[in-house]
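Coordinate inspection notes
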Amino acid sequence: MSESRTQRRKRGKALVSPLERDWSRVVLELIDRSPIVVEDEAELPPPPPPAPPRPPALVQAVQARMLTFEELTAKIGHTPHWNQLFGKYKRSTDYKAMRAEITKVETTAAKGLGTLGDRDFDAMATALDELIAAAKRYKAAHAGKENKVGAGEDVLASAEAEKLALAAVRADPAFDRVKDHITLKQAIECKRRGIAFADCRFDLYNDDKATAVDDNFGAGMANSVAKITYEDGSELVFKGEKISDTQQLGIASAIGIDGGAPHNGNRNIATSAIAEFLGKPEVVPKVCYGLHSNPLTGQQEIGLLMTKGAGKTVNYKDEIGNNKRRAFWEPGHPPSDDAIAKLGEQLTSLDWSDVICGQQDRHGGNLMIEIEGDEVKVTGIDNDVCFGKNQLDPNGSKSKISSARTNPPGMPPLIDKKVYDRLVAGDFDRDLAPTLSGLLTPEELAAAKSRFDLSKQHALGLNPDYVVADWKAWRSPAPDLLTAAAYLVAAGNGFQQNVHGGWEPSESSGGLFARDFGQALRRDGKA
Amino acid sequence: MADSEQQRSWCIRVLGVDPAAPGAPAGPGASVLAGWQAAKEAADAQLDALARALRSRGDPDFDQIAEYGLFGITGGQSTVGLIAALRGYDAAAPAERAAAGAALGKAVAAWRAQLHASALVDALEDNPLGVTVDLRGTFDAAFRQIVATLRQPA
């Protein structure tokens, strides 16, 4: 540029020539309408919102259900007595006080969570305190009258639990995620089930957003089980979340799941967290909580929504109700080597997730498989019976805990390289405890840490010969040089022959792969 | 390099790049992404020099251009698509190379068309501050290498 100083004009403290000024104006205008710059910036997707945190610890206020006044009346046996002599002689004073406070609590609880401010919450807490005081007075005044004392105790217990649940609702860090979609009563129902709002997607998954509902998907169950298709195209299975489980499986009780407060949905979410940690989130369903009206009761239920596993379950019931193992291919037409490799990789990864979770219900009805050409999809479904507080050993094969057994025994004899890398680099307290502590009780968390650490030790022992980077190319150490499929099948299906030639449970196996596919693969010369 | 005149004319017609023009051909197995990244670094260095010159003037308009106007050209969503195609080609198995090459060819052609049609690039290359900016020349050299790689037998 050759410009004299007089050609320059001053803008602020800068000296800019007319030519440069014209250039800058043109460039600024071009920047404003340049598709290169403007469209690119406009098209950038917004950053995903940060995941809301769970509360630091699980709160499950099972008893938090206010007695209605009608229920209280039924327990006491009569309605409050009228006052006499124009109020000079007051009667049923504490009973009436309980009625008044119950009405206050019910009125507030029926309101939308997002419409309530701190003052409303404080007023409800005060009403509960008044109710507790009235119930105590009522109990004291009717000492010796069993039904009345019992009624007072019931009111007391439910009001105390309601207070705990109310505090948990207010303290939940993800309160904002649900506040515009549920009432305070529903929020308290969440806390009765130990649900963290971070795991709720009531905004996406409610009946207003459903385009198709099949309520007969799990007809006859205690809680509704429905298959629901939503506006966003997702097809999910809804299972009403129980507060307590009066028909608990024996194995669930054996591993220490409290039937009074099972928080089964949380066990499914925790399972998903473990599979994700291992780098294999696809081997279990994606899960969250949603809302759906139970067709039998007409009531809106809170329940767990799960992605529907692809394919079919390994076991099925025949027409007379016998449990049968499904044939996934015709004899002589086994899947491709690629598919067998993927089946081994995914089933073994599910084995690893299961031992860390302490899964005790991985029977063939809870395992879905799809094999299409070279592609395979394995999904371990219904992850309710796991994370028991009593099961410290990941090798807690069911025969060690209960006479029935549904899981393949022993620790997995192979490990996928990705799972290995994640597991050995992982630290339970650092990587998993923050996620799991809002889902499980402290005892369940401690047992999970124990299983995690022992699983890690087992994985380290498999390194390097049994860490599988390529499931098709891997061979067992010389001289056997078995394929991964043959090696897993050779490790056994969970049973061994005894001295009498009969079969008895063994304590090791080649996991789900050997249990469910070993026989067919052997038949077809693939193992 | 193109194997024949027919291939060369296809490159000129479809991709807008002449593989016979000067530019070192990439060797077999060369990373097309690395070639692009080298060109991007060279282009960014030129834009960086221009930005420094703009900021040195202490003028708010110049500052604004330096801050917001320059680096969107070598970044942004359309560039993300190009980079995805470059990565896809590098990662493709031999059997998938043809399809990945076709996708990359389209991405290069689209990105290059945008670069050459841009009045903003015209203005930056013709800046009055005496800073040499040659974005089209810089990227075209890289694209020639990429096209040469695409035309090599697998």
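Look up: the structure comes first, before these words.
Below you will find a few notes about this structure.

Quick notes on the rules
Residues numbered from 1 in each chain as written. Chains lettered and ligands numbered in written order. Predicted model: local features only at pLDDT ≥ 70, side-chain atom pairs only at ≥ 80, totals over all residues. Heavy atoms only, no water. Helix = DSSP H or I, 4+ residues; strand = E, 2+ residues; numbered from the N terminus. Buried < 20%, exposed > 50% of the residue type's maximum accessible area, 1.4 Å probe, protein only. Contact = heavy atoms within 4.5 Å. Areas by Shrake-Rupley, 256 points an atom, 1.4 Å probe, with all protein chains shown as cover. Phe/Tyr/Trp six-rings, centres within 6.5 Å; stacked < 30°, edge-to-face > 60°. Lys NZ or Arg CZ within 6 Å of the ring centre and 35° of its normal. Polar contact = N/O pair within 3.5 Å; in protein donor to acceptor, adjacent residues only side chain to side chain. Pairing = 2+ DSSP bridges. Axes fitted to C-alpha atoms, helices over the stretch in contact; angles between N-to-C directions.

Let's talk about the overall build of chain A
The helix and strand inventory of chain A stands at 17 helices and 16 strands. The buried share of chain A, taken over its 527 residues, is 49%. A sequence separation of at least 24 residues applies to 67% of the contacts in chain A between residues at least 6 apart. Accessible area for chain A stands at about 25,300 Å²; split by element, carbon and sulfur atoms hold 52% of it.

So, the packing of aromatic side chains
The final tally for this structure, using the stated rule, is 18 aromatic pairs over all chains. Relative to B:Phe139, the ring of B:Trp111 lies with its centre 4.9 Å away and its plane at 70°, an arrangement referred to as edge-to-face. Highlighted residues: B:Trp111 in helix H5 (residues 97-117) and B:Phe139 in helix H7 (residues 135-151), separated in sequence by 28 residues. You'll find B:Trp111 and B:Phe139 in the same group, each marked buried. Between A:Lys191 and the ring centre of A:Phe197, over which it is positioned, the NZ or CZ distance is 4.3 Å.

Quick word on the side chain of B:Thr138
Residues and elements named next belong to chain B. As for its position among the elements, Thr 138 is in helix H7. A distance of 2.6 Å separates a polar side-chain atom of Thr 138 from the backbone oxygen of Asp 134. What Thr 138 contacts, discounting residues up to four positions off in sequence, is Ala 39, Ala 42, Ala 43 and Gln 46.

Some remarks on the sheet that holds strand S8 (residues 312-313) of chain A
Residues and elements named next belong to chain A. With antiparallel pairing, three strands are arranged side by side in an open sheet as S8-S11-S12. The open sheet has two edge strands with one neighbour each: S8 and strand S12 (375-380). Docked against the sheet, helix H11 (residues 337-357) engages strand S11 (367-372) and S12, running at close to 20° with respect to S12.

Observations regarding unusual backbone geometry
All names here are of chain A. Put simply, Asn 463 and Pro 464 share a cis peptide bond, and its omega is 5°. With omega at 10°, the peptide bond leading from Ala 478 into Pro 479 counts as cis. Positive phi, close to 55°, is recorded for Asp 382, a residue that is not glycine. With respect to the helices and strands, the residue Asp 382 is situated in the loop between S12 and helix H12 (398-401). The class for Asp 382 is partly exposed, based on a relative accessible area of 28%. Not every positive phi belongs to a glycine, and Phe 387 is a case in point at roughly 55°.

Digging into the sheet that holds strand S7 (residues 300-307) of chain A
All names here are of chain A. Here we have five strands laid out as an open sheet, ordered S3-S4-S5-S7-S6, and antiparallel in their pairing. The sheet is open, and its two borders are formed by strand S3 (210-214) and strand S6 (287-293), each paired with just one other strand. For this sheet, the mean angle separating the axes of adjacent strands, direction not counted, is 35°. As paired elements, strand S5 (residues 235-240) and S7 share five bridges and run antiparallel to each other. Paired with Val 237 across the bridge in S7 is Met 306. Together, S6 and S7 form the strand contacts of helix H10 (residues 264-277), whose direction differs from that of S6 by roughly 145°.

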